[in-house]
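Observations on the three-dimensional arrangement
One letter stands for each residue in the lines below.
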Amino acid sequence: MLLANLATYAMSHVPAVAAWMFQEGVGWDPVSLWRQMGILAKIVVVILFIMSGWSIGVMIDRAMAFSAARKQSRAFAPAVAGALREGKIDEAIKVAERNKKSHLAKVVTAGLQEFKAHTETNDIPGEQIEASKRALERAEAIVHAELKRGLGGLATIGSTAPFVGLFGTVVGILNAFREISTQKATGLGAVAGGISEALVTTAIGLFVAIPAVMMFNYFTGKVEAFDVEMDNSSSELIDYFLKRRSAVRR
């Protein structure tokens, strides 16, 4: 209750706190803020910056991977469709192998290779199609997992960073209480240092969490779109195999 009352009092007097800090010559630059922090607050800030660095790394990695997948898929789709229309499965496989970063190419390659392997054996036609379906499903699951790599950590950072910053807030308020006890005073001069420390850690926590949540939602939408594209490609490939089998029977 005391913590809540002190936090409410400080938040309602933010302009006065800021004015006092300027009057006392408290530095607002990052170096000065860092020097004024206690050891626990510094640990919180370090943890938040590690989380931020990791999330930025995931964002860059996923952005590059998704961009490459989209670019190569646009080149792959018409090329492989042309090869399959001419009945050149080997050529279609070669086209897929030249676009290894494409999510569509990874799935289509698995289905084509499985279909080709069963074509060269004495398996019954139905088993050939079923084996190709299973190969496509396995490839889709693998590619889906690859596309989601790192997104779980991004979601974790987005949901926990505010609470890490909140821990820094609690530490700052406790430091404010300690200053009150040390200085035997209850004015703004006694609590401004701890309150400023609390607000800085809270702000950093939000700064880390908000981009992580936004990018997690963005990348999740991308993965869902890629899943739809892979499902459509698998269905179209199975239709091609069925038509090819019917043509062979004739």
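See the structure shown above.
Now for a quick tour of the structure. Once a new chain begins, its residue numbering starts again from 1 and follows that chain's sequence as written. Given that this is a predicted model, residues contribute local features only at a pLDDT of at least 70 and side-chain atom pairs are listed and counted only at 80 or more, while totals for whole chains, interfaces and linings are drawn from all residues. In computing side-chain properties, one takes all heavy atoms of the structure into account and sets aside hydrogens as well as water.

On to the layout of surface pockets, then. In this structure, the largest pocket occupies an estimated 320 Å³ of space. Secondary structure elements are defined from DSSP: runs of H or I of at least 4 residues count as helices, runs of E of at least 2 residues count as strands, and each element is numbered from the N terminus. Counting residues per element, the ones that place at least two in the lining of the largest pocket are α4 (39-85), α6 (103-119) and α9 (188-249). Any residue that is not Ala, Val, Leu, Ile, Met, Phe, Trp, Tyr, Cys, Pro, Asp, Glu, Lys or Arg is counted as polar, Gly included; the first ten are nonpolar and the last four charged. For the lining of the largest pocket, the residue count by class is nine nonpolar, two polar and three charged. Cavities and pockets are found on a 1 Å grid laid over the protein atoms alone: a cavity is a set of points where a 1.4 Å probe fits but cannot escape, a pocket is an open set with protein on both sides within 12 Å along at least five of seven lines, and a lining residue has an atom within 4 Å of such a point. Grid points are joined across faces, edges and corners, and a volume is the space filled by probe spheres set on the points.

Let us now look at the environment of Glu197. Summarising the element assignment, Glu197 is placed in helix α9. Given the relative accessible area of 6%, Glu197 is considered buried. Spatially, the C-alpha atoms of Glu197 and Val171 are 8.3 Å apart, while their sequence positions differ by 26 residues. What Glu197 contacts, discounting residues up to four positions off in sequence, is Gln36, Met37, Gly38, Ala41, Val171, Gly172 and Asn175. Think of it in three bands: with a 1.4 Å probe and only protein chains considered, a residue is buried below 20% of the maximum accessible area for its type, exposed above 50%, and partly exposed in between. It only takes one pair of heavy atoms within 4.5 Å for two residues to be counted as in contact.

The subject of this paragraph is the packing of aromatic side chains. Here a pair means two rings of Phe, Tyr or Trp (six-membered ring of Trp) with centres within 6.5 Å. Their orientation is stacked below 30 degrees between planes, edge-to-face above 60, and tilted elsewhere. Using the criterion set out here, one finds five aromatic pairs in the structure. Taking the centre distance of 4.0 Å and the plane angle of 0° together, the rings of Phe115 and Phe241 count as stacked. With Phe115 in helix α6 and Phe241 in helix α9, this residue pair connects regions lying 126 residues apart in the sequence. Judged on exposure class, the residue Phe115 and its partner Phe241 are both buried. A network of ring pairs unites the aromatic residues Phe66, Tyr218, Phe219 and Phe226 as a single cluster.

This paragraph deals with the packing of helix α5 (residues 89-97) against α6. Two elements in contact, α5 and α6, have axes whose closest approach is 9 Å; the angle formed by their N-to-C orientations is 150°. By the angle between their directions, the pair α5 and α6 is classed as roughly antiparallel. Crossing geometry of α5 relative to α6 is assigned as left-handed. Contacts between α5 and α6 involve Ile89, Asp90, Ala92, Ile93, Ala96 and Glu97 on the former and, on the latter, Ala105, Thr109, Leu112, Gln113, Phe115 and Lys116. Split into classes, the residues belonging to the contact of α5 with α6 amount to seven nonpolar, two polar and three charged. Axes, fitted as lines to C-alpha atoms, cover a helix only where it is in contact. Angles between the N-to-C directions of the axes lie from 0 to 180 degrees. The cut-offs work like this: below 35 degrees is roughly parallel, past 145 is roughly antiparallel, 65 to 115 is roughly perpendicular, and the gaps in between are oblique. Crossing handedness follows the turn of the near helix against the far one: under a right angle anticlockwise gives a left-handed crossing, and clockwise gives a right-handed one.

On to α5, then. Residues that lie three or four places apart on an α-helix share one face, since the helix turns once every 3.6 residues. Within α5 the residues assigned to the buried category are Ile89, Ala92, Ile93, Val95 and Ala96. The arc that holds the buried residues of α5, viewed along the axis, is 160°, so those residues lie on one side. The arc refers to the directions leading from the helix axis to the C-beta atoms.

Note that every value here comes from positions in space, so none of it alone points to a role or purpose.
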